[in-house]
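Descriptive analysis of the structure
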Amino acid sequence: QTARLASVLLRQALSANSHNQLELLDLNNVRVGDDGLIQMAVALGVNTLLRRLDLAFNSIGPDGAEAMARALASNQGLQELDLRDNEIGDGGAQALAEGLLTNYSLRKLQVARNGIGSRGALALQAAQRKNGELHVEFGASGVGTHRLQTMMSRNPSMAVLNFTREAERDSLWGASGGSSGSGGPNGSMQHLSNLFA
C-alpha cells in the first residue's frame, strides 16, 4: 500500500499539470513493482522535464516494462533510464524496444540482471541501431557479458547475425521436439541467456 500511494503521488508530480521542475528521480529499491510503474507511466508519457529515472531493484516484471514502453513511445524528455536488477525478461525487453522505436530522447538504458535472453537483446539492439544516440547497457556481471557488450558496440551486424542464428536454432529445435539438454540448440540458447541474467 505504501509503494502504491507513493506511486500515485509521483504520478501527480510527473503530470503535465504539475508546476515542479523535477529532472532527476531516484527510486532505487523502494518496491515500486509493476502496479506502481503502471501508475507512474501514464504521467511519464506526457512529462517533458524529467531527464533521469532510476528504478533498479524494484521487482518490475514484463507488465511494468510494457507500461514503461508505452510511456517511452510518447515521452521526448527522458535521457537516462535505469532498470537494473529487475525481472523484465525477454518479453519486457521486447516491449521496451518497441516503445523506443518512436523515442529519440533516451540516451542511456541500463538493463543488467533482468533475465534477458537473446531475443530480448536482439530487440533492444534493433532499437539502438534506429537511434544512434542510444546506448543500451546489459551490465558488467561477468566476462561473458563484457565481451558481448563490446562485440555489439564494435560490430552490430555480427551481433545481429549471432543472435538471429541462435533464435532460429531454438525455434527449429523446439518445433522438432528436441530435448533441452546442454548438447542441443536450447543448451546454446541457455548459455547465451545466462550472459544477461
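Thresholds, definitions, all that
Residues numbered from 1 in each chain as written. Predicted model: local features only at pLDDT ≥ 70, side-chain atom pairs only at ≥ 80, totals over all residues. Heavy atoms only, no water. Axes fitted to C-alpha atoms, helices over the stretch in contact; angles between N-to-C directions. Helix = DSSP H or I, 4+ residues; strand = E, 2+ residues; numbered from the N terminus. Parallel < 35°, antiparallel > 145°, perpendicular 65-115°, else oblique. Contact = heavy atoms within 4.5 Å. Nonpolar A, V, L, I, M, F, W, Y, C, P; charged D, E, K, R; others polar. Core = buried A, V, L, I, M, F, W, Y, C linked by side-chain atoms within 4.5 Å. Buried < 20%, exposed > 50% of the residue type's maximum accessible area, 1.4 Å probe, protein only. Salt bridge = Lys/Arg side-chain N within 4 Å of Asp/Glu carboxyl O. Pairing = 2+ DSSP bridges.

Before going further, it helps to examine the packing of helix α4 (residues 89-100) against helix α5 (residues 118-130). Packing of α4 against α5 brings their axes to within 8 Å, and their N-to-C directions diverge by 10°. Taken as axis vectors, α4 and α5 run roughly parallel relative to one another. Contacts between α4 and α5 pair Asp90, Ala93, Gln94, Leu96, Ala97 and Leu100 from the former with Ser118, Arg119, Gly120, Ala123, Leu124 and Ala127 from the latter. Here the contact of α4 with α5 is composed, by residue class, of seven nonpolar, three polar and two charged.

Our next topic: the environment of threonine 48. With respect to the helices and strands, threonine 48 occurs in the loop between α2 (33-44) and β2 (52-54). Along the backbone, threonine 48 and leucine 22 are 26 residues apart, and their C-alpha atoms lie at a distance of 9.8 Å.

We now examine the nonpolar core. Of all hydrophobic cores here, the largest spans 37 residues; its most connected members are Leu53, Leu55, Met68, Leu81, Leu96, Leu109 and Leu124. Within the residue set of this core, elements represented by two or more residues are α2, α3 (62-74), α4 and α5. Examining the composition of this core, we find that six residues originate from one element, α3, more than from any other. Not counting residues up to four positions away in its chain, the partners in contact with leucine 53 are Leu25, Leu27, Met40, Leu44, Met68, Leu78, Glu80, Leu81 and Asp82.

Time to look at the packing of α3 against α4. With their axes 7 Å apart at the nearest point, α3 and α4 run at an angle of 5° to one another. By the criterion of interaxial angle, the relationship of α3 to α4 is roughly parallel. Here Pro62, Ala65, Glu66, Met68, Ala69, Leu72 and Ala73 of α3 come into contact with α4, specifically with Gly92, Ala95, Leu96, Gly99 and Leu100.

Here we take up the pattern of salt bridges. One pass over the full model with this rule turns up four salt bridges. A salt bridge links aspartate 54 to arginine 52; its shortest N-O distance comes to 3.1 Å. Aspartate 54 sits in the buried class, given a relative accessible area of 4%. Relative accessible area serves as the criterion here: at 36%, arginine 52 is assigned to the partly exposed category.

For the rest of this paragraph, the subject is the environment of glutamine 39. Tracing the chain through its elements places glutamine 39 in helix α2. Considering only alpha carbons, one finds glutamine 39 and glycine 64, 25 residues apart in sequence, at a separation of 9.5 Å.

The parallel open sheet is built from five strands, whose spatial order is β1-β2-β3-β4-β5. A single partner strand is all that each edge strand has here, and the edge strands are β1 (24-26) and β5 (135-137). Ignoring which end each strand starts from, the neighbouring axes of this sheet average 5° apart. Where β1 and β2 come together, three bridges link them in parallel fashion. Bridging from a neighbouring strand, leucine 25 pairs with leucine 53 of β2.

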